[in-house]
Amino acid sequence: MEYSPRKRVFTISNAQTKVPAKALLMGTSESRENDACIGTFGEGLPMALLVMARKGLDVTIYNGDEKWTPKIINSKTFQSEVLAIETRAMFKDRQAFVVEIGDIDPEEYEGIRTMFLSLDPAFDESTDTLGSNWAPEKVILPERYRGMVYNKGVFVCKRDDLLFGYNLSQKLNRD
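What counts, and where the lines are drawn
Residues numbered from 1 in each chain as written. Predicted model: local features only at pLDDT ≥ 70, side-chain atom pairs only at ≥ 80, totals over all residues. Heavy atoms only, no water. Pairing = 2+ DSSP bridges. Helix = DSSP H or I, 4+ residues; strand = E, 2+ residues; numbered from the N terminus. Phe/Tyr/Trp six-rings, centres within 6.5 Å; stacked < 30°, edge-to-face > 60°. Buried < 20%, exposed > 50% of the residue type's maximum accessible area, 1.4 Å probe, protein only. Lys NZ or Arg CZ within 6 Å of the ring centre and 35° of its normal. Axes fitted to C-alpha atoms, helices over the stretch in contact; angles between N-to-C directions.

## Some thoughts on the pairing of strand S2 (residues 9–15)
Phase 1: In this sheet, S2 lies alongside strand S1 (residues 2–4) in antiparallel orientation, the contact comprising three bridges. Counted as the bridge partner of Tyr3 is Phe10 from S2.
Phase 2: When S2 meets strand S6 (residues 96–102), the two strands line up antiparallel, connected through six bridges. Each residue of the ladder has a partner; that of Phe10, found in S6, is Ile101.

Below, the structure written as C-alpha cells:
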C-alpha cells in the first residue's frame, strides 16, 4: 500500500496475482479453503467497489492484463442504480492485482493510514512488539498504541481497559 500526495492516489497492490472475473460476483469466493487468503463469503471485493462507486471515488483496478473500472449505472432491467464493472484488455500485463483510488486528500489518507500497522512509518515490529517467534500474535508496546486491537495488522477496535496494544492473527467471523 502506498500513497502519492502529489497525485492524490492511494494504491493497494498484490504482486504476481490475477483475480478471476467471477470474484466480482457476490457470493463467489476463491479463498474459502485457503487460509493464506482473507475472505470467505465472496462479498468483500464487490461491496468495497460498490461503496467506493457510490461515494464517487475514482477507482481503477489493473488485474494482470485487464483494466476494471467500477461505476454506478441506471439499469433499465432492474429499474434501479446498480454497480457495473467496465472491463478492457490491456497491451501490457502488470503481473499484479492493483487497485488505485484517486482523489484522496492527505487528511483522508491519514484516516486510512491509522487503520493499518503497515502504513505507520513509526511502527517497527522488531522493536515495538513482544511475542514468541512461533506465534503470530504480538503485544504492541509503545504508549500510542495502548488499547488498540489489530488483527493481522488491520485495526479492529480501541478498548480503554487494555494496558497495551495487541496484534492478533485470528480468522474473524464477518459479523
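## Section: the pairing of strand S5 (residues 80–89)
Phase 1: The sheet contact formed by strand S4 (residues 66–75) and S5 spans ten bridges and is antiparallel. Following the sheet pairing, Thr69 is matched in S5 by Glu86.
Phase 2: In sequence, S4 turns back onto S5 through a hairpin of four residues, with Gln79 there showing a positive phi of about 50°.

## Here we look at the packing of aromatic side chains
Phase 1: Throughout the structure, instances matching the rule amount to six aromatic pairs.
Phase 2: Measuring from ring centre to ring centre gives 5.7 Å for Phe123 and Tyr145, while their planes differ by 75°; the resulting arrangement is edge-to-face. Taken together, the residues span a long stretch of sequence, with Phe123 in the loop between helix H2 (106–113) and helix H3 (125–128) and Tyr145 in the loop between strand S8 (138–140) and strand S9 (148–151) at a distance of 22 residues.
Phase 3: For Tyr145, a relative accessible area of 3% translates into the label buried.
Phase 4: Ring geometry for Tyr145 versus Tyr150: centroids 6.4 Å apart, planes at 70°, classification edge-to-face.
Phase 5: One aromatic cluster is present, formed by Phe123, Tyr145, Tyr150 and Phe155 through successive ring pairs.
Phase 6: Here the guanidinium or amino end of Arg94 rests over the ring plane of Tyr62, the centre of that ring lying 3.6 Å away.

## As for the sheet that holds strand S3 (residues 58–63)
Phase 1: An order of S1-S2-S6-S3-S4-S5 is seen for the six strands of this open sheet, with the pairing classed as antiparallel. Only two strands of the sheet have a single partner each, and these edge strands are S1 and S5. Within this sheet the neighbouring strands show an average axis-to-axis angle of 25°, counted without direction.
Phase 2: Direction of pairing for S3 relative to S6: antiparallel, over a ladder of six bridges. The residue bridging Tyr62 from the neighbouring strand is Val98, located in S6.

## Observations concerning the sheet that holds S9
Phase 1: Strand order in the open sheet formed by five strands is S7-S8-S11-S9-S10, and the pairing between neighbours is mixed. The open sheet is flanked by strand S7 (129–130) and strand S10 (154–158), the only strands paired with a single partner.
Phase 2: Inspection of the sheet shows S9 paired to S10 by four bridges, in the antiparallel sense. Opposite Met148, over in S10, you have Lys158 as the bridge partner.

Without other data, these values stay purely geometric and don't point to any function.
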